[in-house]
Amino acid sequence: MADPIDAILVRATGGPEVLEFDKIDAPTPGAGELLVSVGAAGVNYIDTYHRGGLYPRDLPFVPGVEGAGAVLAVGADVTGFAEGDRVAWADAPGSYARQVVVSADAAFPVPGGIEDDMAAGAMLQGLTAHYLVTSTYAVKPGDTVLVHAAAGGMGLLLTQLVKARGGKVIGTVSTPEKEALAREAGADEVIRYTETDFVAGVRGLTDGAGVAVVYDGVGRTTFDGSLASLARRGVLALYGASSGPVPPVDPQRLNAAGSVFLTRPTLAHHIATPEEFRWRCDEVFQAIAGGRVSVRIGGRYPLADASKAHADLESRRTTGKLLLIP
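Note that the structure is a prediction, hence the values are computed from the model and not measured.

Spatially, six strands are ordered S10-S9-S8-S11-S12-S13 in an open sheet, and the strand pairing comes out parallel. In this open sheet, the two strands that pair with only one neighbour each are strand S10 (189-192) and strand S13 (261-263). If you compare each strand with its neighbour and ignore which way they point, the axes differ by 15 degrees on average. Examined bridge by bridge, strand S8 (residues 144-147) and strand S9 (residues 168-173) share four bridges and lie parallel to one another. Residue pairing for S9: Val 145 is matched across the bridge by Val 169. Sitting on the sheet, helix H5 (residues 176-185) touches S9 and S10, and the angle it makes with S10 is about 160 degrees. Packed on one face of the sheet, helix H6 (residues 198-205) meets S8, S9, S10, strand S11 (211-216) and strand S12 (230-238) and runs near 155 degrees to S10.

Structural data, given as structure tokens:
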């Protein structure tokens, strides 16, 4: 029998303090699955939603869904993967551990020259940014786009992908340091929401017209302003809720705002088939390899410090992508 492995366990939902560093039985792959040694695990807001109970999971559980590492064993009926292959994934529950089982359909071969931390950092947020700019609202040359939290991991990727498609980016940030990062990623204009009302800022920068799309992963504290920043028939893509969930919305508000559109997309519905998953992965990793997109790693934490990583993420003290290193 294999020795127990290090992992993070959630035995009760709550704040970062409920993340316990412990031992669990080593997993084994079933048919259609891979056993992977985790080289780096991504820290994402969805992990905090699982931990806090907003998205319920059966207790106890090992959090984390994203990472990259090397294949240790291949289950039955798997083709295209072998022991030693390096893979990355965005949907493997239990990734806050030294080993995790990944569905072969959810694993993507990591191209040569891309390290585990870069690959892990590119998956969930990279694929999310990709579907937002290609499918939720397909950015066109000349479109002006508002990106909230533009210096975060998602914001930096969104900014780069919008610019690659010929769009103009207005980003919101909280500090001069974050403004510098957003501009380095390609943001054309940056509004410090701690000093300026971002709705007034957006209207001023667009001659009163508003933006074609708002990419809003913040939620409760930005929603009203995001709606008020849209051009006629614009799109509010509410892809996250880092400040908390948005209260119920009267559809009449969309009429009053200019016949605008509101959508609450999620990654799972945009990688639901192996073909779409591979297409999005191919485009994200080709952009990284070609130098058109860079992934900023904002912090690397030992697995045992998962609670600190969550606290830092939720405090908005961080920039770029956070990783756990088992």
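Structure's up, so let's keep going.
Here strand S4 (residues 67-74) pairs with strand S5 (residues 86-89) via four bridges, running antiparallel. Opposite Gly 69, over in S5, you have Val 87 as the bridge partner. As paired strands, S5 and strand S7 (residues 107-109) are joined by three bridges and run antiparallel to one another. Bridge pairing in S7 places Ala 88 opposite Phe 108.

What counts as what
Residues numbered from 1 in each chain as written. Predicted model: local features only at pLDDT ≥ 70, side-chain atom pairs only at ≥ 80, totals over all residues. Heavy atoms only, no water. Pairing = 2+ DSSP bridges. Helix = DSSP H or I, 4+ residues; strand = E, 2+ residues; numbered from the N terminus. Axes fitted to C-alpha atoms, helices over the stretch in contact; angles between N-to-C directions. Contact = heavy atoms within 4.5 Å.

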